[in-house]
Amino acid sequence: MTWELYSAYLVATVIVLAIPGPTIMLVVSYALAQGRRTALASVTGVALGDTTAATLSLAGLGAVLATSALLFTVLKWVGAAYLIWLGWKMWRTSPVPLETVATATRDGKTILLHAWIVTALNPKGIAFFIAFLPHFIAPGAPVAPQLVLMGVTFVGLAIVNALVYALAASAVREKVNRPATLKAINRLGGSVLIAAGAMTAAMRRVSA
């Protein structure tokens, strides 16, 4: 794989990741609702979810999703329903005060799991790898190492992207401390998740 080809892949990936999708909306929602302490958990969940999606895609599931309308639709509605459920829970949750390390750790595990599920269940993300990566494969060179390199690069950039969004959102939250304002932020985060669920439900199947 030439440096020119890899550089083009880097630029294209950064552009794609910078566009907020359901995963970033989840990360931002948690950061707005609970602050900076959610960043590590949510970003770790994103990393695991993208790794899962990339692995499934390279194993052939991406090709199936790109050609099977039924499978794509089922996975799409499962992901959409999950996001809407998370948004509804966040809407009804009271503002989170400063907590003990033990409580934060327990909540962090839940946040990690949510981010992992939302990212891994995004059918557009899975099909994306199959539709996107082949355009940057150098002809005449072994394919497997190139796919692994691009998959690892994508996950690494996705981690940085999610972390930037999480820290920026938590910085906004840390500037406000009034309970009424925090409650409004919770509801904003919940609304964003519900909107992300609607966005997921509206996704169209990737053409074969």
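Below you will find a few notes about this structure. Keep in mind that what you see is a predicted model, and the values were worked out from it rather than measured.

**Re the nonpolar core**
Soluble globular proteins tend to pack their nonpolar side chains together in the buried interior. By size, the foremost hydrophobic cluster in this structure holds 17 residues, and its most contacted members are L26, V27, V28, V46, A162 and A169. Every element with two or more residues in this core is listed here: helix 2 (22-34), helix 3 (39-58), helix 6 (101-120) and helix 8 (143-173). Counting residues per element, this core draws most heavily on helix 2, which supplies seven residues. In this view, V28 contacts Y165 and A169; residues no more than four positions away in its chain are not counted. Residues A12, A54, F129 and M150 belong to the second largest nonpolar core, which totals 13 residues.

**A closer look at the packing of aromatic side chains**
Under the counting rule described, the total for this entry stands at two aromatic pairs. Aromatic side chains W3 and Y6 sit 6.0 Å apart centroid to centroid with 45 degrees between the ring planes, which places their arrangement in the tilted category. Of the two residues, W3 and Y6 are both situated in helix 1 (residues 3-18); the distance of three residues between them amounts to about one turn of the helix. With a relative accessible area of 60%, W3 lands in the exposed category. Residue Y6 is classed as buried on the basis of its relative accessible area of 16%.

**Things to note about the packing of helix 3 against helix 8**
Between helix 3 and helix 8, the least distance of the axes is 9 Å, while the angle of their chain directions is 155 degrees. It follows that helix 3 is roughly antiparallel to helix 8 by the angle criterion. Seen from above, helix 3 lies across helix 8 with right-handed handedness. Of the residues in helix 8, those in contact with A39, V43, V46, A47, D50, T51 and L58 of helix 3 are L147, F154, V155, A158, I159, A162, L163, A166 and L167. Per-class residue counts for the contact of helix 3 with helix 8 are 14 nonpolar, one polar and one charged.

**Brief notes about the side chain of N161**
Take N161: it is sitting in helix 8. Given a relative accessible area of 15%, N161 falls into the buried group. Discounting residues that sit within four places of it in the chain, N161 has contacts with L17, A18 and I24.

Definitions and cut-offs
Residues numbered from 1 in each chain as written. Predicted model: local features only at pLDDT ≥ 70, side-chain atom pairs only at ≥ 80, totals over all residues. Heavy atoms only, no water. Core = buried A, V, L, I, M, F, W, Y, C linked by side-chain atoms within 4.5 Å. Buried < 20%, exposed > 50% of the residue type's maximum accessible area, 1.4 Å probe, protein only. Helix = DSSP H or I, 4+ residues; strand = E, 2+ residues; numbered from the N terminus. Contact = heavy atoms within 4.5 Å. Phe/Tyr/Trp six-rings, centres within 6.5 Å; stacked < 30°, edge-to-face > 60°. Axes fitted to C-alpha atoms, helices over the stretch in contact; angles between N-to-C directions. Parallel < 35°, antiparallel > 145°, perpendicular 65-115°, else oblique. Left-handed = near helix turned anticlockwise from the far one by under 90°. Nonpolar A, V, L, I, M, F, W, Y, C, P; charged D, E, K, R; others polar.

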